Amino acid sequence: MYRTAEGKWVLHRWSQWEGKDDTYKFIDHARARIWLLTCNHDDAVVKHFGELPDEAGPGASDAETVP
């Protein structure tokens, strides 16, 4: 994951398969936040999105209540 000088998020994907090219894709802020949380980059989430609530984790703060 990269963040451009203009504040856009870029997801970098790569493969170990020979002949498979790296890909770069712009993603929105919400998806960037979820990716960072999922990959345990809490420090980056705090830096770019603010403090995490208690018991935050992948989807914890974004989860809907199940009826």
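Our structure is the block above this text.
Thresholds, definitions, all that
Residues numbered from 1 in each chain as written. Predicted model: local features only at pLDDT ≥ 70, side-chain atom pairs only at ≥ 80, totals over all residues. Heavy atoms only, no water. Salt bridge = Lys/Arg side-chain N within 4 Å of Asp/Glu carboxyl O. Axes fitted to C-alpha atoms, helices over the stretch in contact; angles between N-to-C directions. Helix = DSSP H or I, 4+ residues; strand = E, 2+ residues; numbered from the N terminus. Parallel < 35°, antiparallel > 145°, perpendicular 65-115°, else oblique. Left-handed = near helix turned anticlockwise from the far one by under 90°. Contact = heavy atoms within 4.5 Å. Buried < 20%, exposed > 50% of the residue type's maximum accessible area, 1.4 Å probe, protein only. Pairing = 2+ DSSP bridges. 1 Å grid on protein atoms, 1.4 Å probe; cavity = no way out; pocket = protein on both sides within 12 Å on 5 of 7 lines; lining within 4 Å. Points joined across faces, edges and corners; volume = space filled by probe spheres on them. Nonpolar A, V, L, I, M, F, W, Y, C, P; charged D, E, K, R; others polar. Phe/Tyr/Trp six-rings, centres within 6.5 Å; stacked < 30°, edge-to-face > 60°. Lys NZ or Arg CZ within 6 Å of the ring centre and 35° of its normal.

This part covers the pattern of salt bridges. Here the structure, examined in full by the defined rule, presents 1 salt bridge. Of the charged contacts in the structure, one is a salt bridge between Arg31 and Asp28, with a shortest N-O distance of 3.9 Å.

Orientation of helix α1 (residues 29-38) relative to helix α2 (residues 42-49), taken along the N-to-C sense of each, is 150 degrees, at an axis distance of 8 Å. Looking at the two axes, α1 sits roughly antiparallel to α2. When you trace α1 past α2, the crossing you get is left-handed. In this structure, α1 contributes His29, Ala32, Arg33, Leu36 and Leu37 to the contact, and α2 contributes Asp42, Ala44, Val45 and Phe49.

What follows is about unusual backbone geometry. A positive phi is found at Asn40, a non-glycine position, where the angle reads about 60 degrees. One can find Asn40 in the loop between α1 and α2. Classification of Asn40 by relative accessible area gives exposed; the value is 62%.

A word on the sheet that holds strand β3 (residues 23-27). The antiparallel open sheet is built from 3 strands, whose spatial order is β1-β2-β3. With one partner strand each, in any of the chains shown, β1 (2-3) and β3 form the two edges of the open sheet. With 2 bridges joining them, β1 and strand β2 (residues 9-13) adopt antiparallel strand pairing. Paired with Arg3 across the bridge in β2 is Trp9.

With that out of the way, let us pick up the layout of surface pockets. Taken as a whole, the largest pocket holds about 150 Å³ of empty space. Breaking the lining of the largest pocket down by element, the ones donating at least two residues are β2, β3 and α1. At 3 residues, β3 tops the list of elements feeding residues into the lining of the largest pocket. Class assignment for the residues of the lining of the largest pocket results in 3 nonpolar, 1 polar and 3 charged.

Evaluated as defined, the whole model comprises 1 aromatic pair. Considering the side-chain rings of Trp9 and Phe49, the 5.8 Å spacing of their centres and the 15 degrees angle between planes classify their relative orientation as stacked. With Trp9 in strand β2 and Phe49 in helix α2, this pair connects stretches of sequence that are 40 residues apart. Its relative accessible area of 4% is what places Trp9 among the buried residues. Here the basic side chain of Lys8 rests over the ring of Phe26, its NZ or CZ set 5.6 Å away from the ring centre.

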